[in-house]
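The residues making up each chain are set out below.
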Amino acid sequence: MKKKRILILTGGGDCPGLNTVIRAIVRAAHNAHSNWEVIGSMRAFHGILETPQDILPLNTHSVAGLQVKGGTILETTNKGKPTEFPVQNDDGTWTTIDRSDELIEKLQRLSIYAVINIGGDGSQNISQHLYKKGLNIIGVPKTIDNDLSSTEFTFGFQTAVETATTSVDKLVSTAESHNRVMIAEVMGRDAGWIALYTAVAAGAEIALIPEIPYDINKIIAKLNNRIINGRGFANIVVAEGARPKEGVAVQSVSDEIGYENPVLGGIGHKLMADLKGKISADIRVTILGHIQRGGTPIAFDRVLATQFGVRAFELVQAGKFGHMVTYNKSKFSSIPIKKAVSTYKSIEPDNYLLHTARNMGICMGD
Ligand code: F6P
C-alpha cells in the first residue's frame, strides 16, 4: 500500500520542546503501522521553496532522543513568509511577492498528503491562508510567550519561566549583598505571562506587564518604602512589552529583510534611567533575552509537547484539517485555526495569578 506522506515544519522563533513534538509525530506515525511517511521542511516553508529543496527524511532513528534536545532539528525562521516573500529588484531594493500558489504546487509534486505546522500566531496565520487554498494542514501551537488564546499553555512557556525564575533567584542574592535594586527584563511580547509567573515564583517586589501600564511614582514609592523600612534591596521583573502610563513600549524596527515584527527590548534600561536619583539604592539591569528560548525543555513541556505531537497526528488521521491542537483543563482537543488566531491572550484583570501577586504584596506599578 502506498504510504501517505506528512510534512512537518517549525516556524517563527524557536522554543524548547519543538524537537519533542517532531519526535512525537514521527513515533505516532510509525506506531500507526507503517502507512505513513514523515519528512521535514527546513526553516519553515523555505525548504520547499528553495532550489534545490531542503527536506529532511524523518524516522524513528533520526528522532531518537530528541525529547531532551532544545531548538529544532528542522531549523526555523521568522523572516519571509510565503505570502509576502522578499525578493530583490535589479536596483537592489526589496519587494515582496506571494509564493503561496507556488508552494502548494511544490507540495503536490512531493505528494504531501498533510502538513503539520508547529508555530505561533504568525505561523498559524500562514496555516489558515494555505488551508483556505485547499492545503490539508494542522497547526501545533508553540511560543514561550504563552499568548495564544485557545490553549491554556503552549509548550516552551514553562521552560522559559523556569529559566527566568532561576535567573531572578540569582539576582536576589547579589541584590541582597549589595543592597541594590535589580531589574530583570524578560520576554513575552505584548503579554506579561513570563513576567508574572517569574515574579510570583521568585518572590519579586515589583512586576511590570504590558497589560498594566505602570506609574513610575508608584514604583518609586514602593521602593522608598521598602528601603526606609530597612530592606535595602529589591527585585523588579519587567516584561519587554511593558510601558509607562504616559508612554509607549520600547521598540524598534528591524533592518533584517523580511522581518516584520517590531523588535521589543530596552524597557529595563528606561526604567533604571527613570528611577535614578529618585531612590537611594544603586540599580542594575539584566536582560535575559534569548536564554529564555534555548536549552532543554523541562519535563512539563516535554510531556505537553509529546501530547501535542500525538494529537496532531491523530487530527491528520481523522482528516480534521484547518484545525490547531489545543490544551484546556487537562484535555487535548482542537479548534479551527481561524478561531485560534482571532484573539490574543493577554492577562485579564480577573486573572487569579494576578490577584495572587497583588495579595502577595507584589507591586504591579498601578
Ligand atoms: O515570540 C517569542 C519571542 O521570544 C518574543 O518574546 C521576543 O520578543 C521575540 O520572540 C524575539 O524574536 P527574535 O528571535 O526575532 O529575536
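Scroll up to find the structure this text is about.
Conventions adopted
- Residues numbered from 1 in each chain as written.
- Predicted model: local features only at pLDDT ≥ 70, side-chain atom pairs only at ≥ 80, totals over all residues.
- Heavy atoms only, no water.
- Core = buried A, V, L, I, M, F, W, Y, C linked by side-chain atoms within 4.5 Å.
- Buried < 20%, exposed > 50% of the residue type's maximum accessible area, 1.4 Å probe, protein only.
- Domains from an automatic or database assignment.
- Contact = heavy atoms within 4.5 Å.
- Axes fitted to C-alpha atoms, helices over the stretch in contact; angles between N-to-C directions.
- Helix = DSSP H or I, 4+ residues; strand = E, 2+ residues; numbered from the N terminus.
- Parallel < 35°, antiparallel > 145°, perpendicular 65-115°, else oblique.
- Left-handed = near helix turned anticlockwise from the far one by under 90°.
- Near = heavy atom within 4 Å.
- Polar contact = N/O pair within 3.5 Å; in protein donor to acceptor, adjacent residues only side chain to side chain.
- Areas by Shrake-Rupley, 256 points an atom, 1.4 Å probe, with all protein chains shown as cover.
- 1 Å grid on protein atoms, 1.4 Å probe; cavity = no way out; pocket = protein on both sides within 12 Å on 5 of 7 lines; lining within 4 Å.
- Sits in = over half its atoms within 2 Å of the grid points.
- Nonpolar A, V, L, I, M, F, W, Y, C, P; charged D, E, K, R; others polar.

*Asks:* What should I look at first to understand the nonpolar core in this one?
*Replies:* Nonpolar side chains in soluble globular proteins tend to end up buried together. Counting residues in each nonpolar core, the largest one holds 68 residues, and the members touching the most others are I8, I116, I118, V140, F155 and M364. Two domains each put at least three residues into this core: domain 1 (4-155 + 297-328) and domain 2 (160-293 + 348-359). Apart from the residues lying within four places of it in its own chain, the contact partners of I118 are I8, L9, T10, G11, L18, V21, I22, I25, Q124, V140, K142 and F155. Counting residues in each nonpolar core, the second largest holds 21 residues, with I206, A234, L271 and C363 among its members.

*Asks:* Teacher, can you tell me more about the packing of helix α5 (residues 157-178) against helix α6 (residues 193-202) here?
*Replies:* Two numbers describe a pair of packed helices, the interaxial angle and the distance between the axes. At their nearest, the axes of α5 and α6 sit 9 Å apart, and the two run at 45 degrees to each other. The angle between α5 and α6 falls in the class oblique. Like other packed secondary-structure pairs, α5 and α6 cross with a definite hand, here right-handed. The segment α5 lies against α6, with F157, Q158, A160, V161, A164, T165, V168, D169 and V172 engaging W193, I194, Y197, T198, A201 and A202.

*Asks:* Whenever I open this one, the site of the ligand confuses me. Can you help?
*Replies:* Near the ligand the following residues occur: N78, I144, D145, M187, G188, R189, E240, Y259, H290 and R293. Y259 places a polar side-chain atom, nitrogen or oxygen, 2.6 Å from an oxygen atom of the ligand. Contact with the protein chains hides 81% of the accessible area of the ligand, taken as 400 Å² for the molecule alone. When atom positions are compared with the pocket grids, the ligand is found to occupy the largest pocket. In terms of residue class, the shell around the ligand is built from three nonpolar, three polar and four charged. Taken together, domain 1 (4-155 + 297-328) and domain 2 (160-293 + 348-359) each give at least three residues to the shell around the ligand, which thus spans both.

Function-wise, these values are silent; they only describe arrangement.
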